[in-house]
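Tertiary structure, described
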Amino acid sequence: MADLDHSLSWLAALKWDADGMIPAIAQDAGGRVVMFAYMNRESLQETVRCGYAVYWSRSRRRLWRKGEESGHVQKVLSIRTDCDGDVLLLAIEQVGGIACHTGRESCFFNELRGEYWVPSDPILKNPEEIYAK
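It should be emphasised that the depicted structure is a prediction, and the values quoted were computed from it without experimental measurement.

1. Structural notes on the packing of aromatic side chains
Inspection of every chain in the model, using the stated rule, returns 2 aromatic pairs. Consider the rings of Phe36 and Tyr38, whose centres lie 5.2 Å apart with planes at 80°: the pair is edge-to-face. Taken together, a centroid distance of 5.6 Å and an interplanar angle of 40° make the contact between Tyr55 and Trp64 tilted. The exposure class assigned to Tyr55 is buried, which follows from its relative accessible area of 0%. The ring of Phe109 has Arg104 sitting right over it, with the charged end atom 3.9 Å from the ring centre.

2. Here's the deal with the side chain of Asn40
When you line up the elements, Asn40 lands in the loop between strand 2 (33-39) and helix 2 (41-50). Under the relative-accessibility criterion, Asn40 is labelled buried at 12%. Of note is the side chain of Asn40, whose polar atom sits 2.8 Å from the backbone nitrogen of Ser43. For Asn40, the residues in contact, after removing those within four places along its chain, are Trp16, Gly20, Met21, Trp56 and Leu63.

3. Topic: the environment of His101
Here His101 is to be found in the loop between strand 6 (88-94) and strand 7 (110-113). Considered as a pair, His101 and His72 are 29 residues apart in the sequence and their alpha carbons are 9.6 Å apart.

4. Side note on the pattern of salt bridges
This model, assessed by the stated rule, comprises 8 salt bridges. The partner of Arg65 in a salt bridge is Glu46, with the nearest N and O atoms 2.8 Å apart. Taken together, the positions of Arg65 in strand 4 (residues 62-65) and Glu46 in helix 2 put the pair 19 residues apart, joining distant regions of the chain. A relative accessible area of 39% places Arg65 in the partly exposed class. For Glu46, a relative accessible area of 14% gives the class buried. Salt-bridge contacts for Arg60 lead to Glu69; the nearest nitrogen and oxygen are separated by 4.0 Å. For Arg60, a relative accessible area of 37% gives the class partly exposed.

5. Some points on the pairing of strand 4
Alignment of strand 3 (residues 54-57) against strand 4, held across 4 bridges, turns out to be antiparallel. Note that in strand 4 the partner of Val54 across the bridge is Arg65. Here strand 3 hands over to strand 4 after 4 residues, with Arg61 in that stretch at a positive phi of 60°.

6. Things to note about the environment of Glu93
Structurally, the position occupied by Glu93 is in strand 6. With a relative accessible area of 41%, Glu93 lands in the partly exposed category.

7. Concerning a nonpolar patch on the surface
A surface patch of nonpolar side chains, amounting to about 280 Å² of accessible area, comprises Trp10, Val48 and Ile79. Residue position: Val48 is located in helix 2.

Calculation criteria
- Residues numbered from 1 in each chain as written.
- Predicted model: local features only at pLDDT ≥ 70, side-chain atom pairs only at ≥ 80, totals over all residues.
- Heavy atoms only, no water.
- Phe/Tyr/Trp six-rings, centres within 6.5 Å; stacked < 30°, edge-to-face > 60°.
- Buried < 20%, exposed > 50% of the residue type's maximum accessible area, 1.4 Å probe, protein only.
- Lys NZ or Arg CZ within 6 Å of the ring centre and 35° of its normal.
- Helix = DSSP H or I, 4+ residues; strand = E, 2+ residues; numbered from the N terminus.
- Polar contact = N/O pair within 3.5 Å; in protein donor to acceptor, adjacent residues only side chain to side chain.
- Contact = heavy atoms within 4.5 Å.
- Salt bridge = Lys/Arg side-chain N within 4 Å of Asp/Glu carboxyl O.
- Pairing = 2+ DSSP bridges.
- Patch = residues over 30% accessible without salt bridge, like charges linked within 9 Å, V, L, I, M, F, W, Y side chains within 5 Å.
- Areas by Shrake-Rupley, 256 points an atom, 1.4 Å probe, with all protein chains shown as cover.

In short, the description is geometric, and any link to function would need to be established separately.
Next up, the structure:
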């Protein structure tokens, strides 16, 4: 059966990949997709517990609290899964309005125009300022 099994507990019903990960899409109140990342069981449980997005950083090999360095946290308003439970959709409030480490509202700012990817959204804040302590 491909559909989500509603008889299982919420965490067990999800379909985790071979590495124990599930894709997570962060979408703001306006419906704009601002970010994509992965979660493991621990990061998803922590997200539910604290109410703010916590992802699994594959490069750092550890939990990553969105905004831990920049201050641009994601307050989670709701969490949904698709019909078969293998993707998460987080409705979020992007505190500070910047989701991307480049200083943009969304990580999805490159647009295909002809044969090239072209940045289509403005930088709202200099990336060096975002991570300055």
